[in-house]
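Architecture at a glance
Below, each chain spelled out in residue letters.
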Amino acid sequence: MNAMRNLVAACLAFSALSAIPGQAQEARPALPLRSVLSPNTKVPAEDAPADAAKPADSAENTGDATAAAAPNEPVVAVKPCDQGLPTLRPTLAFKPGELLEFDMDAMGANAGKLTMRVQRPANGSLPVVVEAQTNTLFSKVRRVRGSATSYLHPKTLRPSRYTEEAVENEQRRKVNVAFGAQDKSVKVDYQIGDRPKGHFDYAFDKDGLDVAGAIYLIRQLPLKKDLPVCFDVYGIRRMWRMTATVVEREHVSLPLGEFDAWHLAGTAVRLDRPSQTRDVHVWITDDERRLPLAAVGAIDLGAVRLTLSGVKRPGEKPMEAQGKEDLKW
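Because the structure is a prediction, the values reported are computed rather than measured. (Residues numbered from 1 in each chain as written. Predicted model: local features only at pLDDT ≥ 70, side-chain atom pairs only at ≥ 80, totals over all residues. Heavy atoms only, no water.)

Considering the overall build of the protein
The cut-off we apply is this: Labels follow the DSSP assignment, with helices taken as runs of H or I lasting at least four residues and strands as runs of E lasting at least two, numbered in each case from the N terminus. Burial classes follow relative accessibility: with a 1.4 Å probe on protein chains only, a residue under 20% of its type's maximum area counts as buried, one over 50% as exposed, and anything between as partly exposed. In this analysis, two residues are considered to be in contact whenever any of their non-hydrogen atoms come within 4.5 Å of each other. In this description, accessible areas are obtained by the Shrake-Rupley approach with a 1.4 Å probe, and a residue is regarded as covered only by the protein chains that are shown.
When its secondary structure is counted, the protein shows 2 helices and 16 strands. Evaluated residue by residue, the protein yields a buried proportion of 54% over its 329 residues. Contacts in the protein between residues at least 24 apart in sequence constitute 57% of all its contacts with a sequence separation of at least 6. With an accessible surface of roughly 15,100 Å², the protein has 50% of that area assigned to carbon and sulfur atoms.

In structure tokens form, the structure reads like this:
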């Protein structure tokens, strides 16, 4: 799986943006929420979703940015966001030098590591760098290493540019995305391996984000129960509409520690093919740090999870996972 698609699948964009060109299928049902943070948890048959064995509606509905729609696939308009994102909290929960480390799990096994780092401001932007790499075991399935950078406005946290570069099974992929704040445009230039360069022109509704920067903007939202969240997000050369709600405040126990966190649940819909949707769940700490504790989504291989395993922030003592055997909610 492409490293950035892991981020998308598990983070926000979330799972809707995780398809693998030419290989992906409709997302399989995610694990029950009570088990998403425990890779070894077995799901009893009676707890499995009723349609867990149901095949995809269309084998052609793969999520590939270049795939044509099925002949009988209806054209449906995606409902616009009722409103833009709420005003952000004035004091940033993060600052340059913050490093977040995540364990990536796929198919019920540890798949690799992902890091998110806030860089120093440069040229009027606040860069956020995401890097991911599969481990030796999972590389037998897919060997991936990659990075993405979101160039955010220091105050609004909206992106002006997003770049992505990854190598998947020795094939290099490059993407450069430019966001136009005035005309709400999204211009995508990409290249896969030695193929000719490609280009897409898109537009967003009220708010246009990218998969990496979206997490940092969400950390600045005035989170509270039943808060609606809706925005458009770029991922895998396509635009998606993410609609979510803050479900409730929950206590989460991780190897990293004990936390009270807000649980956001949402669905991402591909704007040009609304038949493609993915459910996403994200947990953000209810404190001044607004740490993203975990995210769950789905890719073509099944459920994917990111779990926070390390935190390094300027002026604070580093936090590292303690190696607990069982993770509890």
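Brief notes about the confidence of the model for the protein
Put simply, the rule is: Think of pLDDT as the predictor's per-residue confidence, scored from 0 to 100.
A residue-level look at the protein finds 67% of positions with pLDDT of 70 or above and a mean pLDDT of 76. When pLDDT is averaged over each helix and strand of the protein, the minimum, 42, is found for helix α1 (residues 3–11) and the maximum, 96, for strand β9 (residues 208–210). Contacts for the low-pLDDT stretch residues 136–142, under 50 throughout, to residues beyond four places or in other chains number 16 contacts. Low confidence marks residues 324–329, where pLDDT is under 50. Its contacts with residues over four positions away, or in another chain, come to 18 contacts.

Observations regarding the environment of Ala 265
Mapping Ala 265 onto the fold places it in strand β12 (residues 257–270). Relative accessible area serves as the criterion here: at 21%, Ala 265 is assigned to the partly exposed category. It is 5.4 Å that separates the C-alpha atoms of Ala 265 and Ala 244, two residues lying 21 residues apart in sequence. When sequence neighbours within four positions are dropped, the list of residues in contact with Ala 265 reads Thr 243, Ala 244, Thr 245, Val 247, Val 280 and His 281.

Quick look at the side chain of Glu 164
Here is the rule: Two N or O atoms count as a polar contact when they lie within 3.5 Å, although within protein this holds only if one can serve as hydrogen donor and the other as acceptor, and sequence-adjacent residues are included solely when both atoms are side-chain atoms.
Residue position: Glu 164 is located in strand β5 (residues 159–168). Within polar-contact distance, the side chain of Glu 164 engages the side chain of Tyr 162 at 2.7 Å.

Quick look at helix α2 (residues 211–219)
Counted residue by residue, α2 has 9 buried out of 9 residues, so it is predominantly covered. The backbone nitrogen of Ala 212 has a side-chain oxygen 2.9 Å away, supplied by the residue at the start of α2, namely Asp 210.

Some details on the state of the cysteines
Where we set the bar: Only a pair of cysteine sulfur atoms within 2.5 Å counts as a disulfide in this structure description.
Summed over all chains, the structure comprises 1 disulfide. Disulfide pairing is shown between Cys 81 and Cys 230; the S-S distance is 2.0 Å. Its S-S torsion of about -75° marks the bond between Cys 81 and Cys 230 as left-handed, since a negative value means left-handed. Of the two residues, Cys 81 is situated in the loop between α1 and β1 (99–106) and Cys 230 in strand β10 (residues 228–235); the sequence distance between them amounts to 149 residues. Cys 230 carries the same exposure label as Cys 81, and that label is buried.

Structural notes on the nonpolar core
Buried together is how nonpolar side chains tend to be arranged in soluble globular proteins. Basically, it comes down to this: Take the buried Ala, Val, Leu, Ile, Met, Phe, Trp, Tyr and Cys residues and link them wherever side-chain atoms come within 4.5 Å; each set so joined is a nonpolar core.
Counting residues in hydrophobic clusters, the biggest one holds 69 residues, and the most contacted among them are Val 188, Tyr 216 and Phe 231. Non-local contacts of Tyr 216, meaning those with residues more than four positions away in its chain, are made with Phe 94, Glu 98, Leu 100, Met 116, Arg 117, Val 118, Val 128, Leu 152 and Leu 157.

Description of the pattern of salt bridges
Worth spelling out the cut-off: What counts as a salt bridge is simple: a side-chain nitrogen of Lys or Arg found within 4 Å of a carboxyl oxygen of Asp or Glu.
Applying the stated criterion across every chain, the model contains 18 salt bridges. Between Asp 103 and Lys 113 there is a salt bridge whose closest N-O contact spans 2.3 Å. One end of the pair, Asp 103, is in strand β1; the other, Lys 113, is in strand β2 (residues 109–118), with 10 residues separating them in the sequence. For Lys 113, a relative accessible area of 48% corresponds to the partly exposed category. Put simply, Glu 165 and Arg 172 hold a salt bridge, and the shortest N to O gap is 2.6 Å. Judged by relative accessible area, which is 34%, Glu 165 ranks as partly exposed. Taking relative accessible area as the criterion, Arg 172 reaches 38% and is therefore assigned partly exposed. When salt bridges with common partners are traced through the structure, they connect Glu 98, Arg 219, Arg 313 and Glu 316 into a single cluster.

Description of the packing of aromatic side chains
The following threshold applies: When the centres of two rings from Phe, Tyr and Trp lie within 6.5 Å, Trp using its six-membered ring, the rings pair. Their planes under 30 degrees apart give stacked, over 60 give edge-to-face, and anything left gives tilted. Two conditions define a charge sitting above a ring: the NZ of Lys or the CZ of Arg must be within 6 Å of the ring centre, and it must be within 35 degrees of the ring normal.
By the definition in use, this model includes 4 aromatic pairs. Judged by centre distance (5.7 Å) and plane angle (20°), the ring pair of Phe 200 and Tyr 202 falls under stacked. Pair check on accessibility: Phe 200 and Tyr 202 agree, each one buried. Against the face of Tyr 190 rests Arg 237, its NZ or CZ located 4.6 Å from the ring centre.

Digging into the environment of Ala 244
Looking at the secondary structure, you find Ala 244 in strand β11 (residues 238–254). In the structure, Ala 244 is positioned 36 residues away from Val 280 in sequence and 8.5 Å away in space, judged by C-alpha atoms. Excluding residues within four positions of it along the chain, Ala 244 makes contact with Leu 227, Pro 228, Val 229, Ala 265 and Gly 266.

Let's talk about the pairing of β11
The condition that has to hold: When DSSP finds two or more bridges between a pair of strands, those strands are recorded as paired.
Here β10 pairs with β11 via 8 bridges, running antiparallel. Considered in β11, the bridge of Phe 231 is made with Met 242. Linking β10 back to β11 in an antiparallel pair, the connection comprises 2 residues, with Ile 236 at a positive phi of about 55°. As paired strands, β11 and β12 are joined by 14 bridges and run antiparallel to one another. Residue pairing across strands places Arg 241 opposite Val 269, the latter belonging to β12. The antiparallel hairpin formed by β11 and β12 contains 2 residues in its connecting segment.

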